[in-house]
Amino acid sequence: MKTYDVAVIGGGPGGYVAAIRAAKLGKKVALIEALQLGGTCLNRGCIPSKTLLRHADIIESIEKAKSWGIETGTLTFSLAMMLARKDEVINQLRKGITFLMKQNKIDVYNGYGQVNADRTIAIQREGKEETVFGDQIILATGSKPIIPPIPGIEQAGYYTSDTIFNITKIPDSIIIVGGGIIGVELACIFSSLRVPVTIVEMAEQILPNEDWEAAKALSKTLKKKNVALLTSTKVTKIEKRQEHQLVHIETVNGKKDTLETEALLLSVGRSPNVSSFTQLQLEMAGPFVKVDQRMATNQSGVYAVGDLIGGWQLAHVASAEGLVAAANACGGQETINYKIVPRCVYTNPEIASVGMTEEEAKQKRISYKVVKVDHAGNGRALAYGDKEGFTKLLADTEHGEILGVTMVGPHVTEMIAEPSAFIHLEGTVDELATLIHAHPTVNESLYEAAASWLGKGVHHS
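The present account deals with the structure reproduced in this document.

So, on to the overall build of the protein chain. Within the protein chain, the regular secondary structure consists of 13 helices and 24 strands. Relative to a compact globule of 461 residues, whose C-alpha radius of gyration would be 23 Å, the protein chain shows 24 Å and is just as compact. Principal-axis analysis of the C-alpha atoms gives the protein chain an extent of 65 × 60 × 45 Å. Per-residue burial for the protein chain yields a buried fraction of 52% across its 461 residues. Sequence separation of 24 or more characterises 62% of the internal contacts of the protein chain that already satisfy a separation of 6 or more. For the protein chain, the exposed surface amounts to about 21900 Å²; the carbon and sulfur share of it is 52%. Counting 47 positive and 51 negative side-chain charges, the protein chain places the averaged centre of each group 3 Å from the other.

Moving on: the packing of aromatic side chains. Evaluated as defined, the whole model comprises one aromatic pair. With a centroid separation of 6.2 Å and 85° between ring planes, the pair formed by Tyr4 and Tyr109 is classed as edge-to-face. Here Tyr4, found in strand S1 (residues 2-9), pairs with Tyr109, found in strand S3 (residues 107-110); they are 105 residues apart in sequence, far enough to count as distant. When sorted by exposure, Tyr4 lands in the same class as Tyr109, which is buried. Cation over ring: Lys372 sits above Phe390, and NZ or CZ is 4.7 Å from the ring centre.

Quick look at the nonpolar core now. The nonpolar side chains of a soluble globular protein tend to be buried, and buried together. Counting residues in hydrophobic clusters, the biggest one holds 49 residues, and the most contacted among them are Ile121, Ile138 and Leu139. Those elements that provide at least two residues to this core are S1, helix H1 (15-24), strand S2 (29-33), helix H4 (79-103), strand S5 (120-125), strand S6 (128-139), strand S19 (302-304) and helix H7 (315-329). Considering every element that reaches this core, the biggest residue donor is H1, with seven residues. The contacts of Ile121, once residues within four sequence positions are left out, are Ala7, Ile9, Ile32, Gly113, Gln114, Val115, Glu130, Thr131, Val132 and Ile137.

This paragraph deals with the pattern of salt bridges. Within this structure, the stated rule accounts for 22 salt bridges. The salt bridge involving Lys64 is made with Asp386; its shortest N-O contact spans 2.8 Å. With a gap of 322 residues between them, Lys64 in helix H3 (residues 46-65) and Asp386 in the loop between helix H9 (379-384) and strand S23 (390-396) connect regions that are remote in the sequence. Residue Lys64 is classed as partly exposed on the basis of its relative accessible area of 28%. Close ionic contact of Arg270 with Asp307 constitutes a salt bridge, the shortest N to O distance being 4.0 Å. Remark: Asp307 occurs in the loop between S19 and H7 and Arg270 occurs in strand S16 (residues 270-272); sequence separation between them is 37 residues. You'll find Arg270 and Asp307 in the same group, each marked buried. Through salt bridges with shared partners, a single network forms among Asp211, Glu213, Glu358, Lys372, Asp374 and Lys392.

To continue, consider the sheet that holds S23. On the basis of which strands lie adjacent, the open sheet formed by five strands has the order S20-S21-S24-S23-S22 and antiparallel pairing. With partners counted over all chains shown, the strands left at the sheet margins are strand S20 (343-345) and strand S22 (368-374), one partner each. Direction aside, neighbouring strands of the sheet carry axes that sit 10° apart on average. Across the sheet, helix H11 (residues 417-424) lies against strand S21 (350-355) and strand S24 (402-409), angled at about 175° from S24, the strand it touches most.

Moving on, we come to the sheet that holds strand S12 (residues 233-241). Taken in spatial order, the three strands line up as S12-S13-S14 in an open sheet, and their pairing is antiparallel. Each having just a single partner strand, S12 and strand S14 (256-261) make up the two edges of the open sheet. If you compare each strand with its neighbour and ignore which way they point, the axes differ by 25° on average. One ladder, built from six bridges, connects strand S13 (residues 244-251) with S14; its direction is antiparallel. By the bridge assignment, Gln245 is partnered in S14 with Thr261.

Conventions used here
- Residues numbered from 1 in each chain as written.
- Predicted model: local features only at pLDDT ≥ 70, side-chain atom pairs only at ≥ 80, totals over all residues.
- Heavy atoms only, no water.
- Helix = DSSP H or I, 4+ residues; strand = E, 2+ residues; numbered from the N terminus.
- Rg over C-alpha atoms; globule rule 2.2 N^0.38 Å.
- Buried < 20%, exposed > 50% of the residue type's maximum accessible area, 1.4 Å probe, protein only.
- Contact = heavy atoms within 4.5 Å.
- Areas by Shrake-Rupley, 256 points an atom, 1.4 Å probe, with all protein chains shown as cover.
- Lys, Arg positive; Asp, Glu negative; His and termini not counted.
- Charge placed at Lys NZ, Arg CZ, Asp CG, Glu CD.
- Phe/Tyr/Trp six-rings, centres within 6.5 Å; stacked < 30°, edge-to-face > 60°.
- Lys NZ or Arg CZ within 6 Å of the ring centre and 35° of its normal.
- Core = buried A, V, L, I, M, F, W, Y, C linked by side-chain atoms within 4.5 Å.
- Salt bridge = Lys/Arg side-chain N within 4 Å of Asp/Glu carboxyl O.
- Pairing = 2+ DSSP bridges.
- Axes fitted to C-alpha atoms, helices over the stretch in contact; angles between N-to-C directions.

See the structure below:
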């Protein structure tokens, strides 16, 4: 039986990053992955969706360019070629992770790992079982889509966020149950392919955990793309009718209706994969593994990261948690800082935020001031043809410390790094307002928001 200083269960963005950190700290490391390296994010989530969203962006740009005097003739697209390119991107990145494993001398076991109470790990692969021992264990087994207990769901034909990218034909219609990040991103993809899309969301707004003005701006744009938004609405029953589904819905006010669709996508959240470590008797926080700021569980020498512990359930958060867990598994004393987690929605327009929302500041009874700068007067946004966005800055009134920023518009998922850095360094609006921003850029709106917050705005009062 091979013995390792650190054994990582799960090769997603939390697990493989943790394995590399531990190896760089001089430890002998094993990584056990049941499916493909890269986990859900690379193979069934972030990367395939963003690749196809790029395709959607190109399609929409071609259509928009007609009003600019740029004609391309009849627009056609091949789903097969789009999916093939998606697979090419995935395979290239997967090969990159494999190379990193070899480069860092990490032993990779492709099989299902079952962690025993004595920290031995039974690995099932190709009909055989192999056992290894980990002195320190990092659990990074990720999550799976939640299948809600809707009457008729077992007989219905449906996709989840894990299976939708295996679709073989463009459907004549699609209903998406759930208006969170995954739901709205997939709505943009299918609407660009001329598919009638309906989103059914139980909350009062799409993106229920984000700034209400950002959700409102995206709702306005989605409606222009002929995406129907049914908020404060739940699915009560599903009936399969040959190749189509009948989706029965009910609003919060009790109004009932029945929708018909060819494709049905369930996007209501994800639940943690816990079956591989039931013998450890870990303390739980609801369905999730409970950890402290060091990513440590209640069992000494056992850490957990990523979707397994709940929270943001974002790939970059899982990676940050993996780095902390690995450092501590190797004798360090690091902690995680969730204050600076950027949150990105890769729709068109993009949405990016970091820090507090107004609602959170109100709940915490913080004395704050907020400024919103619309992009209607931003030269770069106008040149892009995307003037519907805005930049919203929240800072406390005592010191002017920046508490939160929300941005809506082109490329804001790249720009959010700047306000993230300011919040990380406890920067103030004074400091942001003295930073020279390039012109013309959409990013200038950050300077304008800070200057306006101080009453010194040039293009915004």
